[in-house]
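Inside the fold
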Amino acid sequence: MTLFKYYQKLAKHYGAQQWWPAETPFEVMVGAVLTQNTSWHGVEKAINNLKSENALNPDAIANMSEGELGVLIRPSGYYRQKSQRLQRLVTWLRQTGDLDGLQAIDTLDVRTSLLAINGVGPETADDILLYALQRPVFVIDAYTRRIFSRLGQVDAKASYAELQQIFVQALAKKSDLVELYKNYHALIVIHAKTHCRVKPQCQKCPLAIDCTFQLKSEQ
DNA sequence: AACCAGGAGACAT
DNA sequence: ATGTCTCATGGT
């Protein structure tokens, strides 16, 4: 069973996804920070708070105080950290140029630049690259590691870069990598949210993939 | 009522 | 390089 076969199986069952759940690229960037180790439900409330205050734009976030921003994003948790992280990201965005200006820069250069921001790690950077900037970068998250280690496809202890390389290699010959990567990650999240929690419900798995035998190797 | 959620950084080893 | 803490709200 190849990694592309798993993609096909997910796509057949769930259909093509339109993802990331955001109306603008900038909203993607904000959501990517707010969802760090946090359920999406709280992120939605935080983003709605920003919208209702007309604060979901770089200028507003840059000009707010750290405390004011913290109040608005509180439902997404870690609000003191995330308030600073959002403001650093926005500062970077304004210094580097706007979202359109970034299109002229090489993907790996943008990635390096993003990773240099305190509060932007590999997953957050790759979320932004793939879903906000339309770059062919495969996103790894906790769900990806959990699902494919349970399936025996990857080592649960592998690093972010190692996991990413495994997927990139496996999909290298496919066409339209941006769309493929977007869809694959979306399908992983959709599937995992209901079937691949820490306490899995594999007996109800719509893919009929019994991964429970691998659970002991997770530790 | 403990457990978990679409991570990342600081710090020690 | 690798392991351990901390950060915080809200749902189950």
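Everything below is about the structure shown above.
Attention here is on the structure that accompanies the text. (Residues numbered from 1 in each chain as written. Chains lettered and ligands numbered in written order. Predicted model: local features only at pLDDT ≥ 70, side-chain atom pairs only at ≥ 80, totals over all residues.)

1. Brief notes about the overall build of chain A
A count of helices and strands for chain A gives eleven helices and zero strands. Reading the helices (α) and strands (β) of chain A from amino to carboxyl end gives α-α-α-α-α-α-α-α-α-α-α. For chain A, whose C-alpha radius of gyration is 18 Å, the value lies close to the compact-globule estimate of 17 Å for 219 residues. Projected onto the principal axes, the alpha-carbon positions of chain A cover approximately 50 × 35 × 30 Å. Taking all 219 residues of chain A together, 31% fall into the buried category. Once local pairs closer than 6 in sequence are excluded, the contacts in chain A between residues at least 24 apart make up 62%. (Helix = DSSP H or I, 4+ residues; strand = E, 2+ residues; numbered from the N terminus. Rg over C-alpha atoms; globule rule 2.2 N^0.38 Å. Buried ≥ 20, exposed ≤ 12 C-beta atoms within 10 Å, placed from the backbone. Contact = placed C-beta atoms within 7 Å.)

2. Let's talk about the protein's contact with DNA strand C
Near DNA strand C, the surroundings consist of 13 residues, among which Pro-75, Gly-77, Tyr-78, Arg-80 and Gln-81 are the closest. For the surface near DNA strand C, the secondary structure elements donating two or more residues are α3 (40-52) and α6 (79-96). In terms of residue count, the dominant contributor to the surface near DNA strand C is α6 (three residues). Of the residues assigned to the surface near DNA strand C, the class counts are three nonpolar, eight polar and two charged. (Near = placed C-beta within 6 Å. Nonpolar A, V, L, I, M, F, W, Y, C, P; charged D, E, K, R; others polar.)

3. Describing helix α2 (residues 25-34)
Of all ten residues making up α2, seven are buried, and the element is well covered by its neighbours. Among all positions of α2, only Val-28, Met-29, Val-30, Gly-31, Ala-32, Val-33 and Leu-34 are buried.

4. Overview of the environment of Tyr-7
With respect to the element layout, Tyr-7 can be found in helix α1 (residues 3-14). For Tyr-7, a count of 20 C-beta atoms within 10 Å corresponds to the buried category. Between the C-alpha atom of Tyr-7 and that of Leu-180, which follows or precedes it by 173 residues, the distance is 8.9 Å.

5. Comments concerning α1
With twelve residues, α1 ought to run about 16 Å at 1.5 Å a step, and its terminal C-alpha atoms sit 17 Å apart, in line with that. Of the surrounding secondary structure, the elements contacted by the buried residues of α1 are α11 (177-195). Just downstream of α1 lies Gly-15, where phi reads positive at about 80°. (Expected span 1.5 Å × (residues − 1).)

6. What about the protein's contact with DNA strand B?
Around DNA strand B, the structure places 25 residues, and the nearest of them are Gln-36, Asn-37, Gly-121, Thr-124 and Ala-142. Elements supplying a minimum of two residues to the surface near DNA strand B: α8 (122-132), α9 (142-150) and α11. Tallying contributions element by element places α8 first for the surface near DNA strand B, with four residues.

7. Examining unusual backbone geometry
Of the consecutive residues Trp-19 and Trp-20, the connecting peptide bond is found in the cis state with omega at 0°. Checked against the element boundaries, Trp-20 lands in the loop between α1 and α2. At Asn-54, a position not held by glycine, the phi torsion is positive, near 55°. Mapping Asn-54 onto the fold places it in the loop between α3 and α4 (58-63). One non-glycine residue, Gln-134, lies in the positive phi region at around 60°. Tracing the backbone shows Gln-134 in the loop between α8 and α9. With 14 C-beta atoms counted inside 10 Å, the residue Gln-134 sits in the partly exposed group.

8. Thoughts on the environment of Val-198
In this structure, Val-198 sits in the segment after α11. Taking C-alpha positions, Val-198 is 21 Å from Leu-34, a pair spaced 164 residues apart along the chain.

9. A closer look at the packing of helix α5 (residues 66-73) against α6
Relative to each other, α5 and α6 sit at 115°, their axes nearing to 9 Å. Relative to α6, the crossing made by α5 is right-handed. Across the interface between the two elements, Glu-66, Leu-69, Gly-70 and Ile-73 from α5 touch Tyr-79, Arg-80, Lys-82, Ser-83, Gln-84, Leu-86 and Gln-87 from α6. Its residues assigned to classes, the contact of α5 with α6 comprises four nonpolar, four polar and three charged. (Axes fitted to C-alpha atoms, helices over the stretch in contact; angles between N-to-C directions. Left-handed = near helix turned anticlockwise from the far one by under 90°.)

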